[in-house]
Amino acid sequence: MNRENKYTKLALSLLFDAIGLISYAIPALGELSDVVWAPVSAYLMTKMYKGNKGKIAAGISFIEEAIPGLDIIPTFTIMWLYTYILNKPKKLESKTI
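The sections below set out a description of the structure shown in this document. Bear in mind the structure is a predicted one, so any value in this text is a computation, not a measurement.

As a further point, take the layout of surface pockets. Of the voids in this model, the second largest pocket is the one considered here, and its volume is about 160 Å³. Along its surface, the second largest pocket is lined by Lys 53, Ile 56, Ala 57, Ile 60, Ile 73, Thr 75, Ile 78, Met 79 and Tyr 82. Elements supplying a minimum of two residues to the lining of the second largest pocket: helix H3 (51-66) and helix H4 (75-86). Within the lining of the second largest pocket, the residues separate by chemical class into seven nonpolar, one polar and one charged.

This is the structure:
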């Protein structure tokens, strides 16, 4: 994965987490917006992160957005940190015989 794509995903993660926080700006209408945003955020998560980890993160994102009061959790940013900081792919070591 190239460096530019990595930081593009970070920018998108911050943006999507900010969108998730909008429900706090409009108290009555905000929770209604979560009904729409929860499935959208899950879909976006599966597009950003492929495979099982993307599916699991999508489920977590959906639940986090659907349950009132949990919008403050930055799910997209946490997933980015997990993918690029905490779970760095190990480089293959060349073995000599």
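Back to the text.
Along an α-helix, residues three or four positions apart point the same way, because every turn accommodates 3.6 residues. Between its first and last C-alpha atoms helix H2 (residues 27-48) spans 29 Å; for 22 residues at 1.5 Å apiece the expected length is 32 Å, and the two agree. Next to the buried residues of H2 lie helix H1 (3-21), H3 and H4.

Let's shift gears to the packing of aromatic side chains. Evaluated as defined, the whole model comprises four aromatic pairs. Consider the rings of Tyr 7 and Trp 80, whose centres lie 6.3 Å apart with planes at 45 degrees: the pair is tilted. With Tyr 7 in helix H1 and Trp 80 in helix H4, this residue pair connects regions lying 73 residues apart in the sequence. Since its relative accessible area comes to 37%, Tyr 7 is described here as partly exposed. What links up through ring pairs into an aromatic cluster is the set Tyr 7, Trp 80 and Tyr 84.

Attention now moves to the environment of Thr 75. In this fold, Thr 75 is placed in helix H4. Sequence separation between Thr 75 and Phe 62 is 13 residues; the distance between their C-alpha atoms is 9.7 Å. Non-local contacts of Thr 75, meaning those with residues more than four positions away in its chain, are made with Asp 17, Met 45, Ala 57, Ile 60, Ser 61 and Glu 64.

Procedures and definitions
- Residues numbered from 1 in each chain as written.
- Predicted model: local features only at pLDDT ≥ 70, side-chain atom pairs only at ≥ 80, totals over all residues.
- Heavy atoms only, no water.
- 1 Å grid on protein atoms, 1.4 Å probe; cavity = no way out; pocket = protein on both sides within 12 Å on 5 of 7 lines; lining within 4 Å.
- Points joined across faces, edges and corners; volume = space filled by probe spheres on them.
- Helix = DSSP H or I, 4+ residues; strand = E, 2+ residues; numbered from the N terminus.
- Nonpolar A, V, L, I, M, F, W, Y, C, P; charged D, E, K, R; others polar.
- Expected span 1.5 Å × (residues − 1).
- Contact = heavy atoms within 4.5 Å.
- Phe/Tyr/Trp six-rings, centres within 6.5 Å; stacked < 30°, edge-to-face > 60°.
- Buried < 20%, exposed > 50% of the residue type's maximum accessible area, 1.4 Å probe, protein only.

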